[in-house]
2 protein chains.
Amino acid sequence: GGGFPQETSRHKGARLLGATAHAPGRQRGRRPRVLFFPSRPSCTEALLAEAAGLRTTARPCPCPLPRVDSSLSRLLRHLLSARRSLEICLFAFSSPQLGRAVQLLHRRGVRVRVVTDAQYMGLPGSQIGLLRHAGIQVRHDQEDGYMHHKFAVVDRRMLITGSLNWTTQAIQNNRENVLVVEDAEYVKPFLDEFERIWEEYNPINYRFFSKDDK
Amino acid sequence: GGGFPQETSRHKGARLLGATAHAPGRQRGRRPRVLFFPSRPSCTEALLAEAAGLRTTARPCPCPLPRVDSSLSRLLRHLLSARRSLEICLFAFSSPQLGRAVQLLHRRGVRVRVVTDAQYMGLPGSQIGLLRHAGIQVRHDQEDGYMHHKFAVVDRRMLITGSLNWTTQAIQNNRENVLVVEDAEYVKPFLDEFERIWEEYNPINYRFFSKDDK
């Protein structure tokens with residue numbers, strides 16, 4: 001097996017925007033609405049540095065990875081377009097690049113809220129502790145079932161959802177999909193679902209059992 | 001926690017089509033484009049029997065579950081609308097109801113093709129063996145990463161995709177989402193991805209290593 005599905009013929013249009021591939025964030029062309037993974041290995045340092053307001057020409061990243069468009073860089077760019085709000089609802093979140101992007105948006109003043117699954121959040125490599133440490137609001141489930149969603153909503157207008165957990169394993173090795181949808185018919189139900197979960201996972205609703213409980 | 005999110009206010013419109021709730025398959029109203037799980041427990045026997053061409057009034061199911069619309073019944077109805085082709089690409093498939101629906105479509109002459117993950121397909125409860133036994137074409141990955149997609153395409157026009165694996169655990173206990181999309185901008189890339197995976201997982205491409213290989 002192998003190969004990087006997002007780099008096949010149907011995305012040649014995007015790839016032929018060659019000049020923009022090395023100028024992350026400046027892409028003017030229509031962004032693909034569907035991203036497939038595994039993502040082609042690529043360096044996202046310039047993209048993240050530029051989003052943080054750092055000059056990237058002064059100290060280019062020394063890593064050997066190509067600075068090309070990839071499904072990961074496209075996902076990052078969609079997220080980094082947030083100006084006001086970002087709701088995230090993820091079963092698993094361990095990707096350092098995506099974690100940095102979310103922290104960067106928080107520092108930029110974007111209202112970030114994260115919902116995640118209790119079983120996964122404490123595992124080694126999880127980004128959840130880092131996000132909390134950075135002052136980002138995180139809530140988790142207290143249920144038997146999994147909080148298995150994998151979606152984000154940018155500025156209440158762009159839904160990013162699919163099979164992809166935000167983990168390096170999934171990004172680099174798995175067959176995965178992510179849809180980017182701006183149609184309110186889809187965005188609104190996910191925002192409603194987020195608010196419903198956000199309220200339900202409010203810590204004031206947690207139940208702590210004592211010996212008196214049966 | 002708990003509750004069944006798809007039965008909240010935003011779906012009251014669908015619920016108020018009360019007369020159709022007990023006549024599965026006859027619903028004329030606009031079907032919701034987003035389904036949330038866990039699904040409200042409901043009996044889907046009448047829906048499956050009707051799709052199989054059996055008379056349901058003669059022997060109603062004796063189970064105690066309500067025969068109401070649910071996310072599961074809606075998912076089943078979308079699948080059962082297939083007339084010509086059904087592509088399925090699933091990490092995990094163990095739901096008996098969804099398995100029966102797929103077998104039913106196969107018997108009805110719909111061209112069904114299934115792609116799944118090798119690590120999961122042999123586990124107890126998997127539907128994959130039953131589908132193969134029924135004569136349905138199934139291919140699986142031979143990769144280190146997971147084949148983690150969870151999508152289906154009905155008649156090359158309707159994409160059904162989301163976080164939901166087709167397992168009873170996920171349907172009944174997890175927070176999950178499924179989108180139903182008929183926009184070719186989304187359907188086409190998924191069909192292309194399916195064909196790409198289908199060819200790559202062709203058994204003639206399997207590699208069997210002997211002692212001579214290093």
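What counts, and at which threshold
- Residues numbered from 1 in each chain as written.
- Chains lettered and ligands numbered in written order.
- Predicted model: local features only at pLDDT ≥ 70, side-chain atom pairs only at ≥ 80, totals over all residues.
- Heavy atoms only, no water.
- UniProt positions renumbered as here; feature names shortened; annotations may be inferred.
- Helix = DSSP H or I, 4+ residues; strand = E, 2+ residues; numbered from the N terminus.
- Buried < 20%, exposed > 50% of the residue type's maximum accessible area, 1.4 Å probe, protein only.
- Contact = heavy atoms within 4.5 Å.
- Areas by Shrake-Rupley, 256 points an atom, 1.4 Å probe, with all protein chains shown as cover.
- Buried area = accessible area lost by both parts, 1.4 Å probe.
- Salt bridge = Lys/Arg side-chain N within 4 Å of Asp/Glu carboxyl O.
- Expected span 1.5 Å × (residues − 1).
- Least-squares fit on C-alpha atoms with pLDDT ≥ 70 in both.
- Phe/Tyr/Trp six-rings, centres within 6.5 Å; stacked < 30°, edge-to-face > 60°.
- Lys NZ or Arg CZ within 6 Å of the ring centre and 35° of its normal.
- 1 Å grid on protein atoms, 1.4 Å probe; cavity = no way out; pocket = protein on both sides within 12 Å on 5 of 7 lines; lining within 4 Å.
- Points joined across faces, edges and corners; volume = space filled by probe spheres on them.
- Nonpolar A, V, L, I, M, F, W, Y, C, P; charged D, E, K, R; others polar.

An unreviewed UniProt entry annotates chain A as Mitochondrial cardiolipin hydrolase originating from Aquila chrysaetos chrysaetos. Regarding chain A, the relevant UniProt record gives this comment under Sequence similarities (unreviewed entry): "Belongs to the phospholipase D family. MitoPLD/Zucchini subfamily." As recorded by UniProt, the Catalytic activity (unreviewed entry) comment attached to chain A reads in full: "a cardiolipin + H2O = a 1,2-diacyl-sn-glycero-3-phospho-(1'-sn-glycerol) + a 1,2-diacyl-sn-glycero-3-phosphate + H(+)".

This brings us to the overall build of chain A. A tally of helices and strands in chain A yields nine helices and seven strands. Per-residue burial over chain A gives 55% buried out of 214 residues. Considering only contacts within chain A whose residues lie at least 6 apart along the sequence, 75% involve residues at least 24 apart. Summed over its atoms, the accessible surface of chain A is roughly 9800 Å², and 54% of this surface lies on carbon and sulfur atoms.

Quick look at the interface of chain A and chain B now. Between chain A and chain B, the contact holds 42 residues from the first and 42 residues from the second. Taken together, both faces of the contact between chain A and chain B bury some 3400 Å²; the carbon and sulfur share is 54%. Broken down residue by residue, the surface that chain A buries against chain B is led by H148, R175 and Y186 of chain A, which jointly contribute 21%. At the boundary of chain A and chain B, one finds four salt bridges. The partner of R175 of chain A in a salt bridge is E193 of chain B, and the shortest N-O contact between them spans 3.8 Å.

The next point concerns the environment of D155 of chain B. All names here are of chain B. With respect to the helices and strands, the residue D155 is situated in the loop between β5 (150–154) and β6 (158–162). Spatially, the C-alpha atom of D155 lies 6.1 Å from that of L86, the residues being 69 residues apart in sequence. Residues contacting D155, with those up to four places away along its chain left out, are S81, A82, R83, R84 and S85.

Our next topic: helix α5 (residues 96–107) of chain B. Residue and element names in this part refer to chain B. The end-to-end C-alpha distance of α5, which contains 12 residues, comes to 16 Å, matching closely the 16 Å that a straight helix rising 1.5 Å per residue would cover. In this structure, the buried residues of α5 make contact with α3 (45–51), α4 (71–80), β2 (85–90), β3 (111–116), α7 (128–133) and α8 (168–173). Of the residues flanking the end of α5, it is G109, one or two places downstream, whose phi is positive at about 100 degrees.

Superposition record for chain A on chain B: RMSD 0.0 Å, screw rotation 180 degrees, translation along axis 0.0 Å. Both chain copies can therefore be described as sitting about a two-fold axis.

Okay, the packing of aromatic side chains next. On inspection of all chains with the given rule, the structure shows 12 aromatic pairs over all chains. The interplanar angle of 20 degrees and the centroid separation of 5.7 Å between the aromatic rings of F194 of chain A and W198 of chain A together place this pair among those described as stacked. You can see F194 of chain A and its partner W198 of chain A sitting in helix α9 (residues 184–200), four residues apart, about one turn around the helix. Look at W198 of chain A and you get buried, because its relative accessible area is 4%. Among the aromatic residues, ring-to-ring pairing joins F36 of chain A together with F151 and F190 of chain B into one connected group. Residue placement shows R113 of chain A over the ring face of W198 of chain A; its charged tip is 5.3 Å from the ring centre.

Before going further, it helps to examine the layout of surface pockets. Estimated volume of the largest pocket: approximately 450 Å³. Around the largest pocket, the lining comprises 21 residues; the ones closest to its centre are F91 and H148 of chain A together with F91, H148 and N165 of chain B. Here the lining of the largest pocket is built from residues that sort into 10 nonpolar, 10 polar and one charged. Counted as a void, the second largest pocket has a volume near 340 Å³. Forming the boundary of the second largest pocket are 17 residues, of which E45, A49, L54, R59 and R100 of chain A lie nearest the centre.

With that settled, consider the pattern of salt bridges. Working definition: two side chains of opposite charge can pair if their charged atoms are close together. Counted according to the given criterion, the structure contains 25 salt bridges over all chains. Between E182 of chain A and R157 of chain A there is a salt bridge, with the nearest N and O atoms lying 3.3 Å from each other. Here E182 of chain A is found in the loop between β7 (176–181) and α9, whereas its partner R157 of chain A is found in the loop between β5 (150–154) and β6 (158–162), with 25 residues between them in sequence. Between R196 of chain B and E193 of chain B there is a salt bridge, with the nearest N and O atoms lying 2.6 Å from each other. Here E193 of chain B and R196 of chain B lie together in helix α9 (residues 184–200), a separation of three residues that amounts to about one turn. Look at R196 of chain B and you get partly exposed, because its relative accessible area is 22%. Through salt bridges that share partners, R33, D155, R157 and E182 of chain A make up one connected network.

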